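Tertiary structure, described
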Amino acid sequence: MDLGVRWTLHGDGRTPAPGAVVRPDERLSWPRTAGLGAQHVVAMFGASFVAPVLMGLDPNLAIMMSGVATIIFLLATRGRVPSYLGCSLSFVGVAAVIRAQGGSSATVTGAVFVVGAALFLVGLAVRHFGARVIHATMPPIVTGAVVMLIGFNLAPVTAATYWPQDQWTALFVMLFTGLAVVCLRGFWSRIAIFLGLVFGYVLSWGLDRVFGQIHSADASGEVTDHWRLDLSGVGQADWIGLPALHGPSFEWSAILVALPVVIALIAENAGHVKAVGEMTGDNLDDKLGTAISADGVGSMLSTAVGGPPNTTYSENIGVMAATRVYSTAAYWAAAGFALLFGLCPKFGAVVAAVPGGVLGGITVILYGMIGLLGAQIWTNAKVDLRNPLNLVPAAAGIIIGVGNVTMEFTDTFSLSGIALGTLVVITGYHALRAFAPAHLKTQEPLLDEGTSSYDTSDEGADAGASGKSGGKGDGAADGEGGQRAKS
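Since the model is a prediction, treat every value here as computed from it, not as a measurement.

With that out of the way, let us pick up the overall build of the protein. The secondary structure content of the protein amounts to 21 helices and eight strands. Evaluated residue by residue, the protein yields a buried proportion of 57% over its 487 residues. Within the structure as shown, the protein displays about 19,000 Å² of accessible surface, and the carbon and sulfur contribution to it stands at 65%.

Structure below.
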């Protein structure tokens, strides 16, 4: 059985000829392939360790399991879809909501495990029925509204949790990150969120040296005198060791909050498969269902041991567009590097020490980007918001999601925020469509016969990647931007 792990040497293995591309089943020399793999790791690094920090999960485990998920994806697609699976930013909001309701890390990973299982089943359905099954249930107005309410529902997390810890650091990090996203080009623009994190890290260290401790809320919300940057855990961490593992815990209230993210992940995967197909010149329509299922399996395996969910990354698609090297051998090398990073607890301790004020500055931009990726879906699909069939369910669902409106059904069961807003958008749209006159039912499809549309121009790739890296949420707007998407 062909698992896509055999590659022919491209040319002399050194430099592709002008205008030539290195196809998925080809490779350059192994040293150059390893270098490309390292570049893919750097490209995904920013979002893949920012996301678990924001979710309250172990970044070491996140990086390690991203390598495992990538290997699963490459094997499942038989090496035909070169993609890297990193931690999804689409889940940051639901993790915050679950923790605000008193949920633990096990509750978060349990809820996300169910989302991974749902994504796996959707992939099987797409393989059996074709991509039209997605359009039938989730046209662009629905997908865009859900992505938007997921992003904007996070605003109180920034305002109440991160920003108050160090408002001035948050302000400067926000300004720096914004400049990086807008002014940098190429590869550097794709890691703008990561650069903002590094800037904030260094700024916090400098402020501690100059001004001493700050009197503000700490990570627990208690107002005390404390250092902005506490590196005590770094010195105590080992250089080599396994990350901390834990099993998932399943609670219906948390699962209902997390399930709407399935919509963003489906659109994200569709956009990325289409992007890769257009770049490589291969028709990958037959691999869409497999790619979605493989994403679900990777997320299930990661969350089963306490890690975050994973999704395909537009940052790495951008790297391929820039290098014109689509070899899956480079992704195998990237997965190997990720596994090694995950086995270094000291690295995880450095990441875990990121100050709250730094996260405040980053999340102001990042959460807003995730929300606005929903608007990008509407723009790309030419959704007409003058049509009441589109306007009414989207307007109601977004306000419910952003305002965290709650419906109490019994003393022990209620729906609120993201879960209730998504339910209102989906059921509201289809219920209204059933009764709407014929002239209101014209709708631009989210997917064509195979997959979604995707802008492969350099400008589009940069915009989609920046949206996710912050990403992707990352993705629904890659096709999602969509990351691209924009966990």
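What follows picks up the thread again.
Summed over the entire model, instances satisfying the criterion amount to four salt bridges. Put simply, aspartate 286 and arginine 80 hold a salt bridge, and the shortest N to O gap is 3.0 Å. Remark: arginine 80 occurs in the loop between helix H2 (59-76) and strand S3 (85-87) and aspartate 286 occurs in the loop between helix H13 (261-280) and helix H14 (288-304); sequence separation between them is 206 residues. Look at arginine 80 and you get partly exposed, because its relative accessible area is 28%. As a salt-bridge pair, arginine 228 and aspartate 166 come within 3.1 Å of each other at their nearest N and O atoms. Note that arginine 228 is positioned in the loop between strand S5 (223-226) and helix H11 (232-236) and aspartate 166 in the loop between helix H7 (155-162) and helix H8 (167-183), a separation of 62 residues in sequence.

The subject of this paragraph is unusual backbone geometry. With glycine set apart, most residues show a phi of negative sign, and most peptide bonds adopt trans. Phi angles above zero are rare outside glycine, and arginine 78 is one such case at about 55°. Structurally, arginine 78 is set in the loop between H2 and S3. Even without being a glycine, lysine 382 presents a positive backbone phi close to 55°. With respect to the element layout, lysine 382 can be found in the loop between helix H18 (356-380) and helix H19 (388-403).

Let us now look at the side chain of serine 293. Residue position: serine 293 is located in helix H14. Judged by relative accessible area, which is 6%, serine 293 ranks as buried. Sequence-distant contacts of serine 293, defined by excluding residues within four places in its chain, comprise Leu119, Phe120, Gly123 and Leu124.

Turning to H19, a few remarks are in order. Over its 16 residues, H19 extends 22 Å from the first C-alpha to the last, a length consistent with the 22 Å expected when each residue adds 1.5 Å. Those residues of H19 not exposed but buried are Leu389, Asn390, Pro393, Ala394, Gly397, Ile398, Ile400 and Gly401. Buried residues along H19 cover an arc of 165° about the axis, so they all sit on one side. Exposed residues on H19 whose side chains face more than 90 degrees from its buried face are Ile399 and Gly403.

Quick look at the confidence of the model for the protein now. Mean pLDDT over the protein: 79, with 84% of residues reaching 70 or higher. In the model, residues 444-487 has pLDDT below 50 throughout and makes 212 contacts with residues more than four positions away in sequence or in other chains.

Here we take up the environment of phenylalanine 341. Mapped onto the secondary structure, phenylalanine 341 falls in helix H16 (residues 328-342). A residue is classified by how much of its surface remains accessible, and phenylalanine 341, at 34% relative accessible area, is partly exposed. Taking the C-alpha atoms as reference, phenylalanine 341 lies 9.2 Å from leucine 61; in sequence the two are 280 residues apart.

Below, the discussion takes up helix H4 (residues 105-129). The first and last C-alpha atoms of H4 sit 36 Å apart over 25 residues, in line with the 36 Å expected at 1.5 Å per residue. The set of residues buried in H4 consists of Ala106, Thr107, Val108, Thr109, Gly110, Ala111, Val112, Val115, Gly116, Leu119, Gly123 and Val126. Glycine 130 sits one or two residues past H4 and shows a positive phi near 95°.

Within the structure shown, the criterion is met by three aromatic pairs. Ring centres 6.0 Å apart and planes at 85° place the aromatic pair tryptophan 7 and tryptophan 30 in the edge-to-face group. A residue pair is termed long-range when its members are at least 10 positions apart, and tryptophan 7 in the segment before strand S1 (8-9) and tryptophan 30 in helix H1 (residues 30-55) qualify at 23 residues. Residue classification places tryptophan 30 among the partly exposed positions, given a relative accessible area of 44%.

This part is about a nonpolar patch on the surface. A grouping of Leu385, Leu391, Val392 and Leu432 is seen on the molecular surface, where their side chains present a nonpolar patch of about 300 Å² in accessible area. By the secondary structure assignment, leucine 432 is in helix H20 (residues 417-435).

Mapped onto the elements, tryptophan 332 comes out in helix H16. Classification of tryptophan 332 by relative accessible area gives partly exposed; the value is 25%. Sequence separation between tryptophan 332 and glycine 37 is 295 residues, and the spatial gap between their C-alpha atoms is 7.3 Å. For tryptophan 332, the contacting residues outside a window of four places in its chain are Gly4, Val5, Trp7, Ile71, Leu74 and Leu75.

Reading guide: rules and limits
- Numbering of residues starts from 1 in every chain and runs along the sequence as written.
- Only residues with pLDDT of at least 70 get local features here, since the model is predicted, and only at 80 or more are side-chain atom pairs given and counted; chain-wide, interface and lining totals rely on the full set of residues.
- For side-chain calculations, the full set of non-hydrogen atoms in the structure is used, while hydrogens and water are omitted.
- By the criteria applied, helices consist of DSSP H or I runs no shorter than four residues and strands consist of E runs no shorter than two, each listed in order from the N terminus.
- To sort residues, take the accessible area from a 1.4 Å probe on protein chains only and compare it with the maximum for the residue type: under 20% means buried, over 50% means exposed, and anything in between is partly exposed.
- Surface accessibility follows the Shrake-Rupley procedure with a 1.4 Å probe radius. Residue values consider only the protein chains on display as shielding.
- Any carboxyl oxygen of Asp or Glu within 4 Å of a side-chain nitrogen of Lys or Arg constitutes a salt bridge here.
- The contact rule is simple, with two residues in contact once any of their heavy atoms fall within 4.5 Å.
- To estimate the expected span of a helix, count its residues, drop one, and scale the result by 1.5 Å.
- What the arc measures is the spread of directions leading from the helix axis to the C-beta atoms.
- The pLDDT value tells you how sure the predictor is about a given residue, anywhere from 0 up to 100.
- Only Phe, Tyr and Trp rings take part, Trp by its six-membered ring, and two of them pair if their centres are within 6.5 Å. Stacked means planes under 30 degrees apart, edge-to-face means over 60, and tilted covers everything else.
- Think of a patch as exposed residues, more than 30% relative accessible area, with no salt bridge, where like charges cluster within 9 Å and nonpolar side chains (Val, Leu, Ile, Met, Phe, Trp, Tyr) cluster within 5 Å.

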